[in-house]
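# Residue-level structure breakdown
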Amino acid sequence: MTQSSIFVQPTDADWVEAAPGVRRRMLGYHPNLMMVEVAFEPGAVGTLHSHPHIQTSYVAEGSFEMEIGGETTVLRKGDSYMVPADVVHGCKALEAGVLIDAFTPHRADFLD
């Protein structure tokens, strides 16, 4: 499939374990854009990494210590951030939390 349905329900996608205490599920995708829900248990770490996609994320729940390009800050519910392509970034959940990530173009590796 080259894109998701126009309307996506949370039950349309299974949760996938991304790392210990971190799971994600697809909310929708098209070749040019992807949205993913990522749930973190308290203390879970999104390991420092980079990718060629531009990413923007919204903190839907919880709080996170976020590092982007060597700069670190604490983000809470309602905050958001943007990661340029190929910039190293990662986070630690300071409490249980949820991020809503959007990528352009879509993350083909998330569809495997």
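Only a predicted model underlies this, so the values are computations on that prediction, with no experimental measurement involved.

### Things to note about the environment of Met66
You can see Met66 is positioned in strand S6 (residues 63-68). Separated by 31 residues in the primary sequence, Met66 and Met35 have C-alpha atoms spaced 19 Å apart. Excluding anything up to four places from it in sequence, Met66 contacts Glu71, Thr72, Thr73, Leu75, Tyr81, Gly90 and Cys91.

### Some points on the sheet that holds strand S4 (residues 45-49)
Strand order across the open sheet formed by four strands is S4-S9-S6-S7, with antiparallel pairing between neighbours. Across the chains shown, the open sheet's two edge strands, defined by having one partner strand only, are S4 and strand S7 (71-76). On average, adjacent strands in this sheet sit at an angle of 20° to one another, irrespective of strand direction.

### As for the environment of Phe7
Tracing the sequence through the fold places Phe7 in the segment before strand S1 (16-19). Among the residues examined, Phe7 registers a relative accessible area of 69% and is labelled exposed.

### Quick word on the nonpolar core
By size, the foremost hydrophobic cluster in this structure holds 22 residues, and its most contacted members are Met26, Met34, Val36, Phe40, Phe64, Tyr81 and Leu99. When contributions to this core are tallied by element, the ones reaching two or more residues are strand S2 (22-30), strand S3 (33-40), S6, strand S8 (80-83), strand S9 (89-93) and strand S10 (97-104). Broken down by element, this core gets its largest block of residues, four residues, from S3. Among all residues touching Val36, those that are not within four sequence positions of it are Arg24, Arg25, Met26, Leu27, Leu99, Ile100, Asp101, Phe103 and Phe110.

### Some words on the pairing of S2
Consecutive side chains of a regular strand alternate in pointing toward one face of the sheet and then the other. Taking burial as the measure, the nine residues of S2 include seven buried ones, the bulk of the element. Relative to S2, S1 runs antiparallel, the two being bridged by three bridges. When the sheet's bridge partners are listed, Val16 is paired in S2 with Arg24. Where S1 hands over to S2, the hairpin turn is made up of two residues, of which Gly21 adopts a positive phi near 80°.

### A short note on the side chain of Glu37
Within the secondary structure, Glu37 sits in strand S3. Here the side chain of Glu37 touches Arg25 through a polar contact of 2.7 Å, side chain to side chain. Those residues in contact with Glu37 that sit more than four places away from it in its chain are Trp15, Arg23, Arg24, Arg25, Leu27, Val98, Leu99 and Ile100.

### Looking at the sheet that holds S10
Across the sheet, six strands lie side by side as S1-S2-S3-S10-S5-S8; this open sheet has antiparallel pairing. Only two strands of the sheet have a single partner each, and these edge strands are S1 and S8. Put simply, the sheet's adjacent strands are angled 30° from each other on average, direction ignored.

Rules used throughout
- Residues numbered from 1 in each chain as written.
- Predicted model: local features only at pLDDT ≥ 70, side-chain atom pairs only at ≥ 80, totals over all residues.
- Heavy atoms only, no water.
- Helix = DSSP H or I, 4+ residues; strand = E, 2+ residues; numbered from the N terminus.
- Contact = heavy atoms within 4.5 Å.
- Pairing = 2+ DSSP bridges.
- Axes fitted to C-alpha atoms, helices over the stretch in contact; angles between N-to-C directions.
- Buried < 20%, exposed > 50% of the residue type's maximum accessible area, 1.4 Å probe, protein only.
- Core = buried A, V, L, I, M, F, W, Y, C linked by side-chain atoms within 4.5 Å.
- Polar contact = N/O pair within 3.5 Å; in protein donor to acceptor, adjacent residues only side chain to side chain.

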